[in-house]
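Each chain, written out:
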Amino acid sequence: MDAIAGRTLRPETIPERTPVPAFDLVIFGAGGDLALRKLFPALAQRSREGVLPDESRILCIVRKQEDVDGLPKQIAKRLKEEGLSPDHIHAFQQRLTIVLLDAVKPETYKALKKALGDDGRVRSFYLSTPPDLFIPICENLAAADILTPTSRVILEKPLGRDLASAREINDAVARILPEDRTYRIDHYLGKETVQNLLVLRFANTLFERSWTGRDIDHVQITVAETVGLESRAGYYDKAGQMRDMVQNHLMQLLTLFAIEPPNLLEAGAVRDEKIKVLKALRPIVGPDVERYTVRGQYGTGQIDGQRVRGYADELGHLSNTETFVALRCELDNWRWAGVPIYLRTGKRMAQRYSEIVVTFKPVPHSIFGGGSCDKLYANRLLIRLQPNDGVQLQLMMKVPGSGRLKIVPRQLDLRYSTAFDERTPDAYERLLTDVIRGDQTLFMHRDEVEQAWRWVDPIIAGWQDYSPHPHRYAAGSWGPSQAIGLIEREGRSWADPDFE
Ligand SMILES: NC(=O)C1=CN([C@@H]2O[C@H](COP(=O)(O)OP(=O)(O)OC[C@H]3O[C@@H](n4cnc5c(N)ncnc54)[C@H](OP(=O)(O)O)[C@@H]3O)[C@@H](O)[C@H]2O)C=CC1
Ligand SMILES: O=C1O[C@H](COP(=O)(O)O)[C@@H](O)[C@H](O)[C@H]1O
């Protein structure tokens, strides 16, 4: 908890726009894709809204001399693209200090130590770099005596590439900073609708009572993207969609969907419940890998009328890395026993959208004779993360009129854009200020990350034997036909993205 203007506030009662305490934020990888696309725009928005005190500084680590002058210009260009005014861009640039440093060369940390000075502010170190730099950066920060008793470190996902490497990173970080000052970021947890999932469940009695295998038939989580490899070949071809998206974003969505009520919206309580869900995930090992998982890779195709190249073409050589994963999992606990949970995520799919679809069980018996409707559709709750975030509930309704009874499915539709006047902040806006305020609720504990790898590792290992070559799918499609088979053989089908 932080003291603001003499008051001690619980994290959940801190108003969004209350200024954070003055800080120094050091960004390693400041010229990288994530920093330019997400971190600087998020910080600049908060700066424009007056959330960042004037004296707060952002120290940008670059390792090439040309970036010392080049980076501020690149940042200004990005902020202009985001629609910030020249005055706001200028004001934001006053916060920037560019530091020339090579993360793996201990002797270069002198420059950072000097730039930080001795002002006593909370220091946060954002490691927006490939994960193999996490350990050297932490060790070099400690050796250079730059860490203070309130310093924090922010680690990007994926944390390592398997359980062993994740543990190594966690151990190395633990040697220099305690867990309560280590922030493992998964930006899906900062998305508004993801946080709303907890509100929907635990601020309403309506759904929570039905949130079990007694009433729910199955659950689908889809994170579909239209982007392909972009400029990330070096990272992505080694990672693949399982490590890039499933191990973190999809598993975090799954845990928040399935957790038991925490006693308080507070980091420790929420994390304890999430870990229990991850531990309840039934392992998928051996021949089950072939039965319950599908991996794919996009070939050439069309998206929005534009021809796009296949993955191997973009990469410049053949590869067995998957760009699509679908899988069926189950939770072995009282609440969820027997409820299939289908996950699917892919690059270069037909449309960009992410949603959770909860399909309830059908009515046990229809009292409506033949002719009033083709079928009584089961109720469905659709939680849309992006785009057009909101919540939709599908119900069967009578068509008005005094003639023959006619029943059709219709939607109760709540869109954030029309339900609220507030701007929907980007996930990083929320998460970056949470770090500065010292609130870990939306960050992952090391046990969560390691437990997620423990479940994912045997699937990746099983692919060597059971799916060494990913199935092809055309860019602009919904993935390989085997993914459709995965759900259809159980008499169900993937929900259409019909929440436009
Ligand atoms: N891009 C995205 O959408 C997302 C990325 N992430 C994660 O964020 C992290 C960064 O990703 P991304 O921005 O895409 O990666 P990039 O490859 O675009 O950026 C990596 C940055 O690290 C810098 N760097 C590499 N080696 C050193 C070094 N020895 N010393 C100092 N700086 C160094 C690079 O500098 P230089 O320019 O000199 O090479 C570059 O600025 C990764 O962990 C990734 O998994 C997470 C979510 C989304
Ligand atoms: O972490 C990542 O997320 C992005 C997708 O994020 P979104 O907020 O645009 O849904 C993904 O493209 C990238 O590969 C991955 O590293």
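Remember, predicted model here, so these are calculated numbers, not experimental data.

A few points about the packing of helix α9 (residues 233-258) against helix α10 (residues 267-280)
Contact pair α9 / α10: the axes reach a minimum separation of 9 Å and the direction vectors enclose 110°. One way to sum up the angle between α9 and α10 is to call them roughly perpendicular. Contacts between α9 and α10 involve Met251, Thr255 and Ala258 from the former and Lys274, Val277 and Leu278 from the latter. Partitioning the contact of α9 with α10 into residue classes produces four nonpolar, one polar and one charged.

Focus: the nonpolar core
Ile27, Cys60 and Leu343 are the most contacted members of the largest nonpolar core, which has 123 residues in total. At eleven residues, the largest contribution of residues to this core is made by α9. Each of domain 1 (2-156) and domain 2 (189-425 + 444-488) gives at least three residues to this core. Leave out the neighbours within four places in its chain, and Cys60 touches Ile27, Ala30, Leu71, Leu96, Ile98 and Val99.

Some details on the site of ligand 1
What surrounds ligand 1 is a group of 21 residues, the closest being Gly29, Gly32, Asp33, Leu34 and Ala103. A per-element tally of the shell around ligand 1 places helix α1 (residues 33-48) first, with three residues. Its residues assigned to classes, the shell around ligand 1 comprises nine nonpolar, five polar and seven charged.

Details of the UniProt feature "domain: Glucose-6-phosphate dehydrogenase C-terminal" (unreviewed entry) in the protein chain
If you check UniProt for "domain: Glucose-6-phosphate dehydrogenase C-terminal" (unreviewed entry), the listed places come out as residues 198-494 in our numbering. Along residues 198-494 one finds 35% helix and 25% strand; the C-alpha atoms at either end are 24 Å apart.

So, the environment of Arg167
Assignment of secondary structure puts Arg167 in helix α6 (residues 163-176). When the C-alpha atoms of Arg167 and Arg446 are compared, they prove to be 8.3 Å apart, with 279 residues separating the residues in sequence.

A few points about α10
The end-to-end C-alpha separation of α10 is 20 Å, in line with the 20 Å expected for 14 residues at 1.5 Å each. Tucked into the core, α10 has its buried residues touching α9 and α15 (446-466).

What to know about the domain arrangement of the protein chain
Parsing the protein chain into structural domains produces domain 1 (2-156) and domain 2 (189-425 + 444-488). Summarising the inter-unit geometry, the C-alpha centres of domain 1 and domain 2 are found 33 Å apart. With four residues of domain 1 in contact, the opposing surface of domain 2 contributes five residues. In terms of residue class, the side of domain 1 that touches domain 2 is made up of one nonpolar, one polar and two charged.

Quick look at the UniProt feature "binding site: NADP(+)" (unreviewed entry) in the protein chain
Mapped onto this numbering, the UniProt entry gives "binding site: NADP(+)" (unreviewed entry) at Arg63 and Lys157. Residue position: Arg63 is located in the loop between β4 (57-62) and α2 (65-81). The contact partners of Arg63, leaving out residues within four places of it in the chain, are Leu101 and Asp102. Inspection of the secondary structure puts Lys157 in the loop between β7 (152-155) and α6. If we ignore the near neighbours within four places in the chain, the residues touching Lys157 are Ile185, Asp186 and Asn248.

Things to note about helix α16 (residues 481-488)
The complete set of buried residues in α16 reads Ala483, Leu486 and Ile487. Seen from one end, α16 has its buried residues packed into an arc of 85°, which puts them on one side. In α16, the exposed positions that point more than 90 degrees away from the buried face belong to Gly485 and Glu488. Looking at the buried side of α16, the elements it contacts are β10 (293-303), β12 (324-329) and β13 (341-346).

The rules behind these values
- Residues numbered from 1 in each chain as written.
- Chains lettered and ligands numbered in written order.
- Predicted model: local features only at pLDDT ≥ 70, side-chain atom pairs only at ≥ 80, totals over all residues.
- Axes fitted to C-alpha atoms, helices over the stretch in contact; angles between N-to-C directions.
- Helix = DSSP H or I, 4+ residues; strand = E, 2+ residues; numbered from the N terminus.
- Parallel < 35°, antiparallel > 145°, perpendicular 65-115°, else oblique.
- Contact = placed C-beta atoms within 7 Å.
- Nonpolar A, V, L, I, M, F, W, Y, C, P; charged D, E, K, R; others polar.
- Core = buried A, V, L, I, M, F, W, Y, C linked by C-beta atoms within 7 Å.
- Buried ≥ 20, exposed ≤ 12 C-beta atoms within 10 Å, placed from the backbone.
- Domains from an automatic or database assignment.
- Near = placed C-beta within 6 Å.
- UniProt positions renumbered as here; feature names shortened; annotations may be inferred.
- Expected span 1.5 Å × (residues − 1).
- Arc of directions from axis to C-beta.

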